[in-house]
Amino acid sequence: MIAVGEIDIGNTQRDAAAIAGVGHTEYSKNSGVTTLTLAIRAVQAALADAGLSQHDVDGVACHRVGDSVDPALVAQALGVRDLRFVRDVFGGGSSCIAPLDAAATAVATGQARCVVVWRALNGRSGVQMAGAASNPALSADAQYWLPYLHASAPQQFAMFARMYMHKHGLTAEDLGRVAIAQRAHAALNPRAMMRRPITMDDYLGSRWIAEPLRLLDCCQQNDAAVALVVTSTARARDLRRTPVTITATAFGGGGQLASNHRSDPTVSGAHAMAPRLYAAAGLGPDEIDLAELYDAFTPLVPLQLEAYGFCKRGEAGHMIREGAVRLGGVLPINTHGGHLSEGYVHGLNHVAEAVLQLRHDCGERQVPGAEVALSTAQPGVNSGLTGAVILKRAA
Amino acid sequence: MSTRPYPVTDLDSSPWWEALQRREFVLQSCAPCRRLRWPARAMCNDCGSDEWTWVSASGVGAVASWTVTHRPGPAGGETFVVVLVRLDDQDDILVPGYFDGPPDGAGLTIGLPVEVGFDEVEAGDDGRRLTVLRWRRAALRGGGPGSVRE
Ligand SMILES: [Zn+2]
C-alpha cells in the first residue's frame, strides 16, 4: 500500500485552479464534421455549462496524435483576439492529463484567466487509434513489431495482459467482471454508446481480437469531443456551477514493452508515480470516493487498482470479484461506462465524468456524497508515459 | 491478408537489422559497465557512456508472453502467433518474434525455453526480402530457463 507523507513535494498550486464547465458532443460512428467543428461544439457546450461565452476565452490546450485540429485554428474560430496561453500536447491516452495540468498552471500563475481544454477526434470515421501505433513516426521502436504485423493497440496490450494475468492469477472472468460492471454503469448514462447490459456468457462468447483479449475487453472507437473550462478557483466560485478544483496532478513513465529499462513490464509507470500524486494532493487512496481509470482495455483496470494503492499488488482480482468497483461498492470506477462502454475520448471523458460526479450531477449513476475523485491516463504500460489528476468538490 | 511493412530503421538500429539479414542476432554491450542493450541506442541508460560494441547474443531465452492475433497474417490463415522472449543474457531484454509452432499458440507456456531462429519473408509493396526472428522450442540444455549465460 502507498504510504502518504513520506515524500516531500511542495504543491503551491493545490486547488488554485478549478474546472468550471464541461461539454460533450454526441458520440457517433461518423460525426460528419471536421475535428475543428467537434472541438468548437464541445468547447461551446463547456462554456455554456460554466455560464461563460467564447469572448471569455484567453487560452487553449489540447492533446492529439496527428489526428486532430491545430489549437491555433480553434482559438481563431472562437474569436480569441489576444491569445495568452497555448498548449498543444503530442500524445494519446498517455498524455491526456497534460493539457489540463498546463491549463491549471496557466490560470494559477496568472498567464491566462480562462483556458479551454479539449480532445476532439473522428476516431471511427477518420484516424483510428487502433492503427495509429503502426505509424513509425509515433515510435522509433515500432520497427521491431511492424514486420510481425504486431503494432496495433489490442495486440500490444494483449502482450502485456498475458504477463500480468499470469503473474497474479487473474482470470478471463475477472476481466469480464470489469466489462460487465462498466456496462451496467453505462446503462445509467444516456450519453454512452453501449448501454445494453451484458452477461458473463456475452463476455466469454465475444470474439477474440488478440488473445488473451476479446472484443468486450476493448474500448469503443468513435467520433466525439469533450471540453473543459479551467479558471481560477476564486473566479469559478462566481460562476454557474459548483467548482471542482484541481487538487494535484502527477506524471510518470518512461518504459516500453520491449526495452532494457525494467525486467518486469507488469509494473507500470503509474506504480512509481502514484505516491507522488497522493503526496502532492495531501491525501491518500482511502480518501478517493470514485476513480475514472483509463480503460482502453480491461486489464488496465486491475493494474491501476493496484498501482494507485486501492489494494495490494495481486489483489485486484479479489477486489473486483467482491464487487468493490461497481456503483454502490467501496470504490466505484468508470461510473460513465468508461472507454469500454461510454466511448473513447482518450481519457478526457473520464475527467469530465469525474467533474460531473463531484458536482452531484450524475442522476441515477451518482456516487452519493462524492467529494474526491481520481482520473487517470494510460498507466504507461506499452507507450511510456502516464499521468493522473485528483479533483475535489469545492468546499 | 495484410501486406507486411518493411521496417523503417534509423541510424541507431540499422546495424542490428543488417546483422539480422546475415542471420546474426546481436546486442550492444556497453564498454565501461558491460551492460547489454536492445533496442539499439547511442548511449547507455545505466552509466551514460557512448562507448559500446556489438556482441553476439546467446540466442537463448524464455517465453515472457505471447499473443494470438485473430486475423490473417501475411501468409494467410485465421490466426498468427507473436512471442515476446526474455533473453537469458540479461533479464530486462525482451525481444518479439514469430514462434515456430501452431498458429493457435498450442504448446506455448510462460517460461518455455526457446532459442533464436530466423525466417526470410517478403516485406513492403515491392516484396523485398527481410530476415525476421522466429523463435523455436529450445533443445534440452543445462541450467534451465532463466540461467544466465556469459
Ligand atoms: Zn554502461
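Residues numbered from 1 in each chain as written. Chains lettered and ligands numbered in written order. Predicted model: local features only at pLDDT ≥ 70, side-chain atom pairs only at ≥ 80, totals over all residues. Heavy atoms only, no water.

By the naming in an unreviewed UniProt entry, chain B goes by DUF35 domain-containing protein and is assigned to Sinosporangium album.

As recorded by an unreviewed UniProt entry, chain A carries the name Acetyl-CoA acetyltransferase and is attributed to Sinosporangium album.

Chemist: Honestly, the interface of chain B and chain A in this entry has me stumped. Any pointers?
Modeler: Contacts between the two partners involve 45 residues from chain B, matched on the other side by 29 residues from chain A. When the buried area of chain B at its contact with chain A is split by residue, B:Thr67, B:His70 and B:Ile110 rank highest and sum to 16% of it. Inspection of the region where chain B meets chain A yields one salt bridge. A salt bridge links A:Asp141 to B:Arg41; the nearest nitrogen and oxygen atoms lie 3.0 Å apart. Connecting chain B to chain A are 13 residue pairs in polar contact (both at pLDDT 80 or more). (Contact = heavy atoms within 4.5 Å. Buried area = accessible area lost by both parts, 1.4 Å probe. Salt bridge = Lys/Arg side-chain N within 4 Å of Asp/Glu carboxyl O. Polar contact = N/O pair within 3.5 Å; in protein donor to acceptor, adjacent residues only side chain to side chain.)

Chemist: Before we go on, may I ask you to explain the domain arrangement of chain A in this structure?
Modeler: Note: interface size is frequently given as the accessible area lost on complex formation between the parts. All names here are of chain A. Examined at the domain level, chain A breaks down into domain 1 (17–128 + 226–236) and domain 2 (153–219 + 248–393). With centres defined by C-alpha atoms, the gap from domain 1 to domain 2 works out at 24 Å. Residue-level contacts link 26 residues of domain 1 with 29 residues of domain 2. Where domain 1 abuts domain 2, roughly 2,100 Å² becomes buried across the two surfaces, and 73% of that area is made up of carbon and sulfur atoms. Of all residues in domain 1, Tyr27, Ser94 and Ile97 bury the most surface against domain 2, accounting for 33% of the area lost on that side. Linking domain 1 to domain 2 there are one salt bridge. Here Asp49 makes a salt bridge to Arg359, at a shortest N to O gap of 2.8 Å. (Domains from an automatic or database assignment.)

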